Amino acid sequence: MMRILVTGGAGFIGSNFVHHVIEHSDHHVTVLDKLTYAGNRASLAGLPESRVEFVQGDIADHPVVDALMSRADAVVHFAAESHNDNSLDDPRPFLETNLIGTYTLLEAARRHDVRFHHISTDEVYGDLALDDPDRFTEATPYNPSSPYSATKAGSDLLVRAWVRSFGLRATLSNCSNNYGPRQHVEKFIPRQITNVLRGVRPRLYGTGENVRDWIHADDHSSAVLAILERGALGETYLIGADGERSNVAVVRLILELMGQDPDAYDLVTDRAGHDRRYAIDATKLRRELGWEPRYRDFRDGLDATIGWYRAHEDWWGPAKDATEAFYASRGQ
Ligand code: NAD
Ligand code: DAU
């Protein structure tokens, strides 16, 4: 049994991880979350109070972080500003949370000798050509494109430096695009599902040919738990489930599953610096830790996700109008 501090545990993947840990282990969890626009206390509803404690606070707030770290065995660090489009509009919060916040956690973990797992993204590797036969591996050089991915790359390098210079007991993981319940409506899949639910046509950036490598958030969680419990210290693991799809293919499938004409979408202004394709080779994770994804059928996983958004307008409705106003101001 470990006492795990989970930063960003009220966000999309962090909350999924907390649910996963409670269901599949006997660990105790303390969530530290600032509850920014992306955090939602309701995402942790129904979890046993005896096993999950919630603390509202900033990962860049040294006294708060130090106190929590002093009574943790491990920290799993999800908290981040996570949306590329926001980072193009105002990069500053990305530097504050993703860099200074991570630095604050690293120093506290070093002081209290706490096992550290850092959650990162495949975006640190930049992008691939649509027809490139290669995929990202742990050896791919860093080449981030956006303010978001540059700060995530910076945070990864800080963790690696703390391992090498201070002997921090840390692992890192870089995962591909997640989908599933409780994802903010600013992100691609929930935006399109909730648009259709509101009678609005989905919006594809540019030509819609960009490719993302989709994994269910619960599979990301099982991989992180495996790395935390059995991963080799100092190592990086790529997490992915062989889920490459073009954006237009995903939109057409959403429309079909929701009983609409698959061509009933609009092409809108492209994202500046839009990465063309991400693709993960997760051989190391599979071979060394024996991890396998549970959600192998994207159509089924997407259908269940659509069902979740249909049933939970109370969760996503309050954020929808402000999110769409932001996109409208950008011609998207
Ligand atoms: P999210 O935006 O849904 O959630 C982020 C959470 O962090 C929110 O609850 C927010 O309140 C909290 N937070 C933000 N700033 C904070 C601060 N200063 N102090 C404390 N809490 C703060 O993000 P997500 O999509 O769940 O991503 C979680 C992590 O996974 C991020 O590190 C992201 O880079 C990484 N990741 C995401 C994906 C993806 O597809 N979404 C893929 C790979 C990696
Ligand atoms: O690859 C992992 C990354 O995946 C994570 O690090 C990020 O935190 C997460 O947000 C995600 O980044 P993307 O930029 O790939 O995700 P997003 O949901 O913003 O967009 C997915 C794709 O869909 C991308 O090619 C842009 C496109 N898109 C997005 C929106 C919101 C559209 O075509 N239309 C849209 O309305």
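Refer to the preceding data block for the structure.
Residues numbered from 1 in each chain as written. Chains lettered and ligands numbered in written order. Predicted model: local features only at pLDDT ≥ 70, side-chain atom pairs only at ≥ 80, totals over all residues.

(A) View of the overall build of the protein chain. Within the protein chain, the secondary structure is distributed over 11 helices and 13 strands. Against the compact-globule benchmark of 20 Å for 332 residues, the protein chain has a radius of gyration of 19 Å, which places it among compact chains. By its C-alpha atoms, the protein chain is 55 × 45 × 40 Å across when sized along the principal axes. A burial count over the protein chain gives 48% of its 332 residues as buried. Pairs at least 24 residues apart make up 81% of the contacts formed inside the protein chain by residues separated by at least 6 positions. (Helix = DSSP H or I, 4+ residues; strand = E, 2+ residues; numbered from the N terminus. Rg over C-alpha atoms; globule rule 2.2 N^0.38 Å. Buried ≥ 20, exposed ≤ 12 C-beta atoms within 10 Å, placed from the backbone. Contact = placed C-beta atoms within 7 Å.)

(B) Region of the structure containing the sheet that holds strand β11 (residues 236–239). Strand order in the open sheet made by the 7 strands is β3-β2-β1-β4-β5-β6-β11, with parallel pairing throughout. At either margin of the open sheet sits one strand with a lone partner, and together these are β3 (52–56) and β11. Sheet twist, expressed as the average angle between the axes of neighbouring strands with direction ignored, equals 20 degrees. Two elements, strand β5 (residues 115–121) and strand β6 (residues 170–175), share 6 bridges in a ladder whose sense is parallel. In the sheet register, Ser120 faces β6, and the bridge partner there is Asn174. The strands touched by helix α1 (residues 12–24) are β1 (3–7), β2 (28–33), β3 and β4 (74–77); relative to β1, the strand with the most contacts, the crossing angle is about 160 degrees. (Pairing = 2+ DSSP bridges. Axes fitted to C-alpha atoms, helices over the stretch in contact; angles between N-to-C directions.)

(C) Local environment of the site of ligand 2. Taken together, 19 residues lie near ligand 2, and Ser82, Thr121, Lys187, Phe188 and Tyr205 sit nearest. Going through the elements one at a time, α6 (188–197) and β8 (203–205) are the ones with two or more residues in the shell around ligand 2. Per element, the largest residue contribution to the shell around ligand 2 is 3 residues, and it comes from β8. For the shell around ligand 2, a count of residues per class yields 4 nonpolar, 8 polar and 7 charged. (Near = placed C-beta within 6 Å. Nonpolar A, V, L, I, M, F, W, Y, C, P; charged D, E, K, R; others polar.)

(D) The arrangement of the site of ligand 1 in detail. Of all residues adjacent to ligand 1, which total 31 residues, the nearest are Gly8, Gly11, Ala38, Gly39 and Ala80. When contributions to the shell around ligand 1 are tallied by element, the ones reaching two or more residues are α1, β2, α4 (92–112) and β5. Looking at the shell around ligand 1 element by element, the count peaks at 3 residues for α1.

(E) Quick look at the pairing of β2. One ladder, built from 5 bridges, connects β1 with β2; its direction is parallel. Note on β2: the bridge partner recorded for Val6 is Val31. With α1 bridging β1 and its parallel neighbour β2, the resulting β-α-β unit is right-handed. One ladder, built from 5 bridges, connects β2 with β3; its direction is parallel. Note on β3: the bridge partner recorded for Asp33 is Gln56. (Right-handed = clockwise from strand over helix to strand, strands pointing away.)

(F) Just the packing of α6 against helix α10 (residues 298–311), in detail. The geometry of α6 relative to α10 is characterised by a closest axis approach of 10 Å and an angle of 55 degrees between their N-to-C directions. The orientation of α6 with respect to α10, classified from their angle, is oblique. Two packed elements cross with a definite hand, and for α6 against α10 that hand is right-handed. Packed against α6, whose contacting residues are Ile189, Pro190, Ile193, Thr194 and Leu197, the element α10 presents Thr305, Ile306, Tyr309 and Arg310 at the interface. A breakdown of the residues in the contact of α6 with α10 according to their chemical character gives 6 nonpolar, 2 polar and 1 charged. (Parallel < 35°, antiparallel > 145°, perpendicular 65-115°, else oblique. Left-handed = near helix turned anticlockwise from the far one by under 90°.)

(G) Structural view of α4. In a regular helix each residue adds 1.5 Å, so 21 residues correspond to 30 Å; α4 covers 29 Å between its end C-alpha atoms and thus fits that length. Of the positions making up α4, those classed as buried are Phe94, Thr97, Asn98, Gly101, Thr102, Thr104, Leu105, Leu106, Ala108 and Ala109. Of the surrounding elements, those touching the buried residues of α4 are β1, α2 (62–69), β4, α3 (84–89), β5 and α5 (147–166). Just past α4, the residue Asp113 takes up positive phi, approximately 50 degrees. (Expected span 1.5 Å × (residues − 1).)

(H) Focus on the nonpolar core. Among the nonpolar cores identified, the biggest contains 77 residues, and Val6, Met69, Val75, Val76, Ala109 and Ile239 are the most heavily contacted of them. When residues of this core are assigned to their parent elements, the largest contribution, 6 residues, is made by helix α7 (residues 217–230). For Val75, the contacting residues outside a window of four places in its chain are Leu5, Thr7, Met69, Leu105, Ala109, Val114 and Phe116. (Core = buried A, V, L, I, M, F, W, Y, C linked by C-beta atoms within 7 Å.)

(I) How the structure looks around unusual backbone geometry. In this structure, Leu35 takes a positive phi of about 55 degrees despite not being glycine. Structurally, the position occupied by Leu35 is in the loop between β2 and β3. By the C-beta count within 10 Å, which is 14 here, Leu35 ends up partly exposed. Phi is positive for Asp242, which is not a glycine, with a value near 55 degrees. Accessibility expressed as a C-beta count within 10 Å gives 16 for Asp242, which makes it partly exposed.

(J) Inspection of helix α8 (residues 247–257) at higher detail. Taken together, the buried positions of α8 are occupied by Asn247, Val250, Val251, Arg252 and Ile254. Among the structural elements, α6, β8, β9 (211–213), β12 (244–246) and α10 are those in contact with the buried residues of α8. Positive backbone phi, approximately 75 degrees, marks Gly259, located one or two places after α8.

(K) Structural detail: the environment of Leu257. Position of Leu257 relative to the elements: it lies in helix α8. Put simply, Leu257 and Asp219 are 38 residues apart on the chain and 22 Å apart in space, counted from C-alpha to C-alpha. Setting aside residues no more than four positions away along its own chain, Leu257 makes contact with Leu302, Asp303 and Ile306.

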